[in-house]
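Secondary and tertiary structure notes
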Amino acid sequence: MDLRYWRCIYKRTNTCPDPDIKFFMYTNHSPYRKRLDIRSPAALRYSGWDPHKKNVIIVHGFNSTERKAPMTIIRDAFLARHEYNVFTVDWEPLTIFPCYLSALSNTRLVAQCSAQLYSSLTAAGARAEDTICVGHSLGAHICGMMSNHLDKKMHKIIGLDPARPLLDKYGQRSLKLGRDDAHIVHVVHTNAGMLGEEAQIGHADFCINGGRVQPSCKGHRLRKSRCSHFLSACYLATAVAHPGRWFATPCSTKCRPLGGSLIANPGLKMPFGDQTPDSARGTYCMAMRLHKDCPFD
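Definitions and cut-offs
- Residues numbered from 1 in each chain as written.
- Predicted model: local features only at pLDDT ≥ 70, side-chain atom pairs only at ≥ 80, totals over all residues.
- Heavy atoms only, no water.
- UniProt positions renumbered as here; feature names shortened; annotations may be inferred.
- Helix = DSSP H or I, 4+ residues; strand = E, 2+ residues; numbered from the N terminus.
- Rg over C-alpha atoms; globule rule 2.2 N^0.38 Å.
- Buried < 20%, exposed > 50% of the residue type's maximum accessible area, 1.4 Å probe, protein only.
- Areas by Shrake-Rupley, 256 points an atom, 1.4 Å probe, with all protein chains shown as cover.
- Phe/Tyr/Trp six-rings, centres within 6.5 Å; stacked < 30°, edge-to-face > 60°.
- 1 Å grid on protein atoms, 1.4 Å probe; cavity = no way out; pocket = protein on both sides within 12 Å on 5 of 7 lines; lining within 4 Å.
- Points joined across faces, edges and corners; volume = space filled by probe spheres on them.
- Nonpolar A, V, L, I, M, F, W, Y, C, P; charged D, E, K, R; others polar.
- Core = buried A, V, L, I, M, F, W, Y, C linked by side-chain atoms within 4.5 Å.
- Contact = heavy atoms within 4.5 Å.
- Polar contact = N/O pair within 3.5 Å; in protein donor to acceptor, adjacent residues only side chain to side chain.
- Pairing = 2+ DSSP bridges.
- Axes fitted to C-alpha atoms, helices over the stretch in contact; angles between N-to-C directions.

By the naming in an unreviewed UniProt entry, the chain is Lipase domain-containing protein, taken from Megalurothrips usitatus. Within the UniProt record for the chain, the comment given under Sequence similarities (unreviewed entry) is "Belongs to the AB hydrolase superfamily. Lipase family." Taken from UniProt, the Subcellular location (unreviewed entry) comment for the chain reads in full: "Secreted".

Written out as structure tokens, the structure reads:
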């Protein structure tokens, strides 16, 4: 049985599908999301899936949901490109505030069920090379854990400020995103050392505005951290919506420019976003400003 404490739910099952984990699909042809039942072989076809497009699976983090910002900002950025089928994983009941400990435990089941979504795509003919898992906070670790339930590695994961609290000291390796979880792992750091992981854990790590506290975030320390943590999603969405506009340069593993400043930083410019080449390796720094504030709930 599942364990319920106050409003927190600890999943004690390893059975998928689970009523608290839902999958949705978005297309350019319909303003409405479509809930997927991956047990049905025809679910993708009836939902408007285009086998000729690339695919992105978006996974939210703690105290979030697929239907609110900033996850909707990422979703809309990929949809605007008209070259992606967009899938979202919603596990809101299992990750509500203040239930962080239960949310950590529940990531195992969410990853297992999400791996079935991925498998249904590849079984329908989707190419692994054309499929990305994008996860924010705990969602980044869920993308990584999905590989534990697949016969073959995923091709690419983009981890947006992967969650740090408790995982940095007590989390098992199998619970955390690492470069062994996919052939290509790219990580975006915006609140490193606080709500986000500090270690350089991907094949290519991008430090935005120093990677720790974002200059546009105001208020007390916790609010600045939370704002900075969520901005990783908005930065990626901006880069996806405007491919070829944003570039980073090599920097130290501590997110410090090699040339003393980002303006004078030497080295080859690396595209940031879903256009980052698979061959990218190392740590990169860049300055980035949004034209409007990133809303978050």
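Digging into the overall build of the chain
Scanning the chain from N- to C-terminus turns up six helices and 13 strands. For the chain, whose C-alpha radius of gyration is 18 Å, the value lies close to the compact-globule estimate of 19 Å for 297 residues. Considering only C-alpha atoms, the chain reaches an extent of 55 × 45 × 35 Å along its principal axes. Expressed as a percentage of its 297 residues, the buried residues of the chain come to 55%. Accessible surface, the chain: about 13600 Å² in total, of which carbon and sulfur atoms supply 54%.

Topic: the packing of aromatic side chains
Inspection of every chain in the model, using the stated rule, returns four aromatic pairs. Their ring planes at 80 degrees and their centres at 4.8 Å tell us that Phe78 and Tyr84 sit as a pair that is edge-to-face. Of the two residues examined, Phe78 and Tyr84, each falls in the buried class. A centroid spacing of 5.3 Å and a plane angle of 55 degrees characterise the contact between Phe206 and Phe272, whose relative ring orientation is tilted.

Quick look at the UniProt feature "domain: Lipase" (unreviewed entry) in the chain
When the UniProt feature table is mapped onto this chain numbering, "domain: Lipase" (unreviewed entry) sits at residues 15–253. Strand forms 23% of residues 15–253 and helix 30%; the C-alpha atoms that close the span are 40 Å apart.

Details of the layout of surface pockets
Approximately 380 Å³ is the volume found for the largest pocket. Lining the largest pocket are 15 residues, with Phe62, Asn63, Leu195, Arg226 and His229 sitting closest to its centre. The element that contributes the greatest number of residues to the lining of the largest pocket is helix 6 (residues 221–241), accounting for four residues. Residues that form the lining of the largest pocket fall into these classes: eight nonpolar, six polar and one charged.

Observations regarding the nonpolar core
Counting 46 residues, the largest nonpolar core has Ile21, Phe87, Trp91 and Leu138 as its most contacted members. Mapped by element, the contributors of at least two residues to this core are strand 3 (22–27), helix 1 (43–46), strand 5 (54–59), strand 6 (84–90), helix 3 (100–123), helix 4 (138–146), strand 8 (154–160) and strand 9 (182–189). Ignoring sequence-local partners within four residues, the contact set of Ile21 consists of Val89, Asp90, Trp91, Leu94, Leu109, Val110 and Cys113. Tyr26, Phe206, Val240 and Cys294 belong to the second largest nonpolar core, which has 38 residues in total.

As for the side chain of Thr190
Locating Thr190 in the fold gives a position in the loop between strand 9 and strand 10 (204–208). A distance of 2.7 Å separates a polar atom in the side chain of Thr190 from the backbone oxygen of Ser228. Beyond its immediate chain neighbours, meaning those up to four positions away, Thr190 contacts Asp161, Ile208, Gly211, Arg212, Val213, Gln214, Ser228, His229, Leu231, Ser232 and Tyr235.

Digging into the sheet that holds strand 13 (residues 282–286)
Spatially, eleven strands are ordered 4-3-6-5-7-8-9-10-13-11-12 in an open sheet, and the strand pairing comes out mixed. One side of each edge strand has no neighbouring strand; the edge strands of this open sheet are strand 4 (30–35) and strand 12 (270–271). Where strand 10 meets strand 13, five bridges bridge the pair, whose relative direction is parallel. Bridge assignment links Asp205 to a residue of strand 13, and that residue is Thr283. The strands touched by helix 2 (residues 71–80) within the sheet are strand 3, strand 5, strand 6, strand 7 (131–136) and strand 8, with strand 5 carrying the most contacts at an inclination of about 175 degrees. Against the sheet, helix 4 engages strand 5, strand 7 and strand 8, with an angle of about 140 degrees to strand 7.

Side note on empty space enclosed by the protein
Inspection of every chain in the model, using the stated rule, returns one cavity of 30 Å³ or more. Considered as a void within the structure, the largest cavity measures approximately 50 Å³ in volume. Together, Ile158, His186, Val187, Val188, Phe206, Leu236, Phe272, Gly273 and Thr276 line the largest cavity. In terms of residue count, strand 9 provides more of the lining of the largest cavity than any other element does, three residues in total.

Digging into the environment of Leu160
Along the chain, Leu160 turns up in strand 8. On the accessibility criterion, Leu160 (0% relative accessible area) is buried. With 21 residues separating them along the chain, Leu160 and Gly139 place their C-alpha atoms 8.4 Å apart.

So, helix 4
Among the nine residues in helix 4, nine count as buried, and that is most of the element. Here the buried face of helix 4 lies against strand 5, helix 3, strand 7, strand 8 and helix 5 (167–170).

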